[in-house]
Amino acid sequence: MSSSEFPCDAAEVVRLPSSLPAATVLLIEPFYGGSHRQLMDFLAADLGQSALLCATPAKKWHWVARVSALHFAQVIPEGHCFRSIFASSVLNLAELMSLRPDLAGCRKILYFHENQLVYPAQEEKERDFQYGYNQILSALVADINVFNSQFNLDSFLENIDKFLAKIPTARPKRSVASEIRPKCRVIYFPLNLPSFRFTPKTSRLRTPDLACKLCNMDETLLTGASTCGRNSSVLGESQISRQQLPLHIVWPHRWEHDKNPDFFVSVLEILRSEDIPFRLSVVGEQFSEVPDSFQHVAFAFGDCLKRLGYLPSKEEYFAVLMDADVVVSTANHEFFGAAMYLLNLSLPQSFFA
């Protein structure tokens, strides 16, 4: 997309079309990274000259969720012809509309990558009420609320009134969920699939059953149950001997607590204690705060690491997924799970039969 830079802080991302009056769609992303960035780039490329993208880097999520509305109110040009606004739910849309009443007449579409009413907190008492409350207010202001999965939509609507019941005084007098529900719909996250697909020639996996056994491990492995015994290990020695190379295990997720990295590391420790050889790639985006588990991975499994860290190249990322024998998710829950969905689309259905 042909663009020029709007005068702003160097850390910001503001893409203007060659002629501002040509822009009829305003794209806003306060957390421009990962899947949030992928979606905005997809829309910006598709809309071309009719879109303006305003974004800030994927840093300090807790801060941008609180204060980005004031920032965007100052950055978004006043001389515009916007007819539609598309923003992620990290933005407090209600605040932005109050600060920029000239935008209130636009059709407002809010996209929920996740919802803060059920987003995993390390401890429930640590859940900040304000983040969920901001999303509820934004959903009330929006004309259309789009969710990336039915689970995301249902868990948001089902928990709104229970969430607001925590307010000690001046609670809403009627159901807020019933006001928001008619404006909600599901549109799955768009994926740019690689040009190649999984074939037996591109995988070292000889027996799909091998992957199934590893994927079916559950938390009973962490309790010392008999399934951890050497004679009943998840991957038998005779099966390993049929592989030309040790099993390649890939963990392709954000390096954050809700992806449950501690459980993943515990499983790796069990495989190591059973003398089961494997190769390991731990990829995915990292932020300023990294769980201790990942430092332990580099220290304890350095001898079998193929990849450790974020892969900025899509081609390289797809190549790692396609090279994997087993791709693991240990997430507490997923609102969409783009990495696993991508892999599912790239594998032949006979693999899952």
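The following paragraphs examine the structure supplied in this document. (Residues numbered from 1 in each chain as written. Predicted model: local features only at pLDDT ≥ 70, side-chain atom pairs only at ≥ 80, totals over all residues. Heavy atoms only, no water.)

Turning next to the overall build of the chain. Across its full length, the chain carries 12 helices and 12 strands. Per-residue burial over the chain gives 50% buried out of 353 residues. Within the chain, contacts between residues at least 6 apart in sequence are counted, and of these 75% link residues at least 24 apart. Working note: accessible area of the chain is about 17,500 Å², and carbon and sulfur atoms make up 53% of it. (Helix = DSSP H or I, 4+ residues; strand = E, 2+ residues; numbered from the N terminus. Buried < 20%, exposed > 50% of the residue type's maximum accessible area, 1.4 Å probe, protein only. Contact = heavy atoms within 4.5 Å. Areas by Shrake-Rupley, 256 points an atom, 1.4 Å probe, with all protein chains shown as cover.)

Here strand 6 (residues 107–112) lies mainly inside the structure; 5 of its 6 residues are buried. Bridging between strand 5 (residues 84–88) and strand 6 involves 5 bridges; their strand directions are parallel. Within strand 6, the residue paired with phenylalanine 86 across the bridge is isoleucine 109. The handedness of the strand 5 to strand 6 crossover, carried by helix 3 (residues 93–99), is right-handed. Alignment of strand 6 against strand 7 (residues 144–147), held across 4 bridges, turns out to be parallel. In the sheet register, isoleucine 109 faces strand 7, and the bridge partner there is isoleucine 144. (Pairing = 2+ DSSP bridges. Right-handed = clockwise from strand over helix to strand, strands pointing away.)

Taking strand neighbours across the sheet as the criterion, the 4 strands line up as 11-10-9-12 in an open arrangement whose pairing is parallel. Unpaired on one side and paired on the other, strand 11 (305–308) and strand 12 (326–327) mark the two borders of the sheet. Taken together, the 2 bridges between strand 9 (residues 247–252) and strand 12 define a ladder with parallel strand orientation. Bridging across to strand 12, isoleucine 249 finds its partner in valine 326. Its contacts with the sheet put helix 9 (residues 261–273) on strand 9 and strand 10 (278–283), and the angle it makes with strand 10 is roughly 165°. Packing against the sheet, helix 11 (residues 314–323) makes contact with strand 9, strand 10, strand 11 and strand 12, and its axis sits at approximately 135° to strand 9. (Axes fitted to C-alpha atoms, helices over the stretch in contact; angles between N-to-C directions.)

On to the packing of aromatic side chains, then. Overall, the coordinates contain 10 aromatic pairs when judged by the stated rule. With centroids separated by 6.1 Å and ring planes inclined at 50°, the aromatic side chains of phenylalanine 278 and phenylalanine 301 adopt a geometry described as tilted. Taken together, the positions of phenylalanine 278 in strand 10 and phenylalanine 301 in the loop between helix 10 (292–300) and strand 11 put the pair 23 residues apart, joining distant regions of the chain. The residues phenylalanine 278 and phenylalanine 301 share a single accessibility class, namely buried. Taken together, the aromatic side chains of Phe112, Phe147 and Phe156 make up a single cluster linked through ring pairs. (Phe/Tyr/Trp six-rings, centres within 6.5 Å; stacked < 30°, edge-to-face > 60°.)

Let us look at the pattern of salt bridges. Once the charged atoms of two side chains with opposite charge are near each other, the side chains can pair. Taken as a whole and assessed by the stated rule, the structure comprises 9 salt bridges. With a shortest N-O distance of 2.8 Å, aspartate 102 and arginine 100 are connected by a salt bridge. Take aspartate 102: its relative accessible area is 38%, and that puts it in the partly exposed class. Aspartate 303 is the partner of arginine 272 in a salt bridge, and the nearest nitrogen-oxygen pair spans 3.2 Å. Here arginine 272 is found in helix 9, whereas its partner aspartate 303 is found in the loop between helix 10 and strand 11, with 31 residues between them in sequence. According to the relative accessible area criterion, arginine 272 is partly exposed, its value standing at 29%. (Salt bridge = Lys/Arg side-chain N within 4 Å of Asp/Glu carboxyl O.)

Our next topic: helix 9. Between its first and last C-alpha, helix 9 extends 18 Å over 13 residues, near the 18 Å set by a 1.5 Å rise per residue. Within helix 9 the residues assigned to the buried category are Pro261, Phe263, Phe264, Val265, Val267, Leu268, Ile270 and Leu271. Of the residues trailing helix 9, aspartate 275 is marked for its positive phi of about 60°. (Expected span 1.5 Å × (residues − 1).)

Counting 37 residues, the largest nonpolar core has Phe156 and Ile160 as the members making the most contacts within it. In terms of residue count, the dominant contributor to this core is helix 5 (residues 150–164) (6 residues). Within the second largest apolar cluster, 17 residues are counted, among which are Trp255, Leu280, Val297 and Cys304. (Core = buried A, V, L, I, M, F, W, Y, C linked by side-chain atoms within 4.5 Å.)

For the pair helix 2 (residues 61–75) and helix 4 (residues 129–141), the least separation of the axes is 11 Å and the interaxial angle reads 45°. When the axis of helix 2 is compared with that of helix 4, the two are oblique. Judged by the twist between their axes, the crossing of helix 2 over helix 4 is left-handed. Within the contact between the two elements, helix 2 uses Trp61, His62, Ala65 and Arg66 and helix 4 uses Gln130, Tyr131 and Asn134. (Parallel < 35°, antiparallel > 145°, perpendicular 65-115°, else oblique. Left-handed = near helix turned anticlockwise from the far one by under 90°.)

This brings us to unusual backbone geometry. Phi angles above zero are rare outside glycine, and lysine 60 is one such case at about 50°. Mapped onto the elements of the fold, lysine 60 is located in the loop between strand 4 (51–57) and helix 2. If you check the backbone angles, alanine 170 has positive phi at about 55° while not being a glycine. Among the secondary structure elements, alanine 170 is positioned in the loop between helix 5 and helix 6 (176–180). Judged by relative accessible area, alanine 170 falls into the exposed class, the value being 75%.

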